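Okay, here's what each chain looks like letter by letter:
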Amino acid sequence: MTISHKLEQLHARDIMKRTVFKLDPANTLEDAVIAFSEMHISGGPVVDRGGKLLGGLSAYDIAKPENMREGRLVGRSEVSMSEAAGDDDAYDYDEDGALSMDDYNPSVLRSSTVADFMTPDAICVAPDAPLKRVCSLMVSEHIHRVLVVEHARLIGIISSLDVVRCVSEAL
C-alpha cells in the first residue's frame, strides 16, 4: 500500500486526541494564559458544563494590541487576515511567542473572561471527516488545531503536530 493510499484511508477519529484540555467560559484570561503556558499549548476549546462546544480561545485571540503592555505587539496583530491569506511571508505570527505573562496588561487579564475573547465559530469537523479535509482546513484557515465534534459535543482535537505525526508514521 502506498503512503498516499494509507493517508487517504485516515479520518479525524483515527488521529484525534480524545483527552482534550477544555476551558470554562467563566475562566479569566489570566487563568487561560497560565494554563496555555504550563501545558505548552497555544489554544483550546471552550465548553459549557454540559460539554457543549461554545467556541475556541487561542493565543492570537488574547494577543490583541489592547491587551498588551505598551510597546509589546505580536506579529500577527499587525497583519489583517486578508493580507495574511494572500502572502505567506506576511503570516509570521508565532502563537508560542504570545504566551509570556510579562507581555500582557495585568488588569485586562484579571478582569476579562474566556467568554469575552473566545472565537464563537470554532473550526470543527465530524469524526468521519477525511484527513485531507482536516489538513485543508488547517491551511485555508491558518489554524493549528481542528476540533472534532459529534452532536454538538466535543469528542476530540487534532493539532498540526498530530497530522505531522500521522504522516511520519505512514512513511
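In this text, all values refer to a predicted model and were calculated from it rather than measured experimentally. (Residues numbered from 1 in each chain as written. Predicted model: local features only at pLDDT ≥ 70, side-chain atom pairs only at ≥ 80, totals over all residues. Heavy atoms only, no water.)

A. Spatial organisation of the nonpolar core. With 16 residues, the main nonpolar core has Ala12, Val125, Val134 and Ile158 as its most contacted residues. At the level of elements, helix 2 (12-15), helix 8 (131-141), strand 4 (145-150) and helix 9 (160-170) are the ones that each hand at least two residues to this core. Top contributing element to this core by residue count: helix 8, with four residues. Filtering out sequence-adjacent residues up to four positions away, valine 125 remains in contact with Ala12, Val134, Leu137, Val146, Leu147, Val148 and Val149. Listed in part, the 13 residues of the second largest apolar core include Leu29, Val33, Val114 and Phe117. (Core = buried A, V, L, I, M, F, W, Y, C linked by side-chain atoms within 4.5 Å. Buried < 20%, exposed > 50% of the residue type's maximum accessible area, 1.4 Å probe, protein only. Helix = DSSP H or I, 4+ residues; strand = E, 2+ residues; numbered from the N terminus. Contact = heavy atoms within 4.5 Å.)

B. The pattern of salt bridges, seen in detail. Applying the stated rule across the entire model yields two salt bridges. Of the charged contacts in the structure, one is a salt bridge between lysine 17 and aspartate 162, with a shortest N-O distance of 3.2 Å. You can see lysine 17 sitting in the loop between helix 2 and helix 3 (29-39) and its partner aspartate 162 sitting in helix 9, a full 145 residues away along the chain. Accessibility expressed as a relative area gives 37% for lysine 17, which makes it partly exposed. Look at aspartate 162 and you get buried, because its relative accessible area is 4%. The partner of aspartate 162 in a salt bridge is arginine 165, and the shortest N-O contact between them spans 2.9 Å. Taken together, the positions of aspartate 162 and arginine 165, both in helix 9 and three residues apart, correspond to about one turn of that helix. We classify arginine 165 as partly exposed; its relative accessible area is 37%. A single network of salt bridges, built from pairs that share partners, joins Lys17, Asp162 and Arg165. (Salt bridge = Lys/Arg side-chain N within 4 Å of Asp/Glu carboxyl O.)

C. Structural view of the confidence of the model for the chain. In the predicted model, the chain carries a mean pLDDT of 80, and 75% of its residues have values of at least 70. Below pLDDT 50 for its whole length, residues 73-98 participates in 42 contacts with residues either more than four positions away or in separate chains. (pLDDT = per-residue confidence, 0-100.)

D. Seen up close, the environment of asparagine 27. Examined against the element boundaries, asparagine 27 turns out to sit in the loop between helix 2 and helix 3. For asparagine 27, a relative accessible area of 24% gives the class partly exposed. Remark: the alpha-carbon pair of asparagine 27 and valine 46, spanning 19 residues in sequence, is separated by 9.8 Å. With residues up to four places along the chain from it excluded, the contact list for asparagine 27 reads Ser112, Thr113 and Val114. Polar side-chain contacts of asparagine 27 include one of 2.9 Å to the backbone nitrogen of aspartate 24. (Polar contact = N/O pair within 3.5 Å; in protein donor to acceptor, adjacent residues only side chain to side chain.)

E. Here's a closer look at the sheet that holds strand 4. Taking strand neighbours across the sheet as the criterion, the three strands line up as 3-4-5 in an open arrangement whose pairing is mixed. Edge positions in the sheet fall to strand 3 (124-125) and strand 5 (153-159), since each has one partner strand and no second. Where strand 4 meets strand 5, six bridges bridge the pair, whose relative direction is antiparallel. Across the sheet, residue leucine 147 finds its bridge partner in strand 5, namely isoleucine 157. (Pairing = 2+ DSSP bridges.)

F. Region of the structure containing helix 9. Within helix 9, burial applies to Asp162, Val163, Cys166 and Ala170. Angularly, the buried residues of helix 9 cover 100° about the axis, an arc narrow enough to put them on a single face. Exposed side chains of helix 9 directed beyond 90 degrees from the buried face belong to Leu161 and Val164. On its buried side, helix 9 packs onto helix 1 (3-8), helix 2, helix 8 and strand 5. (Arc of directions from axis to C-beta.)

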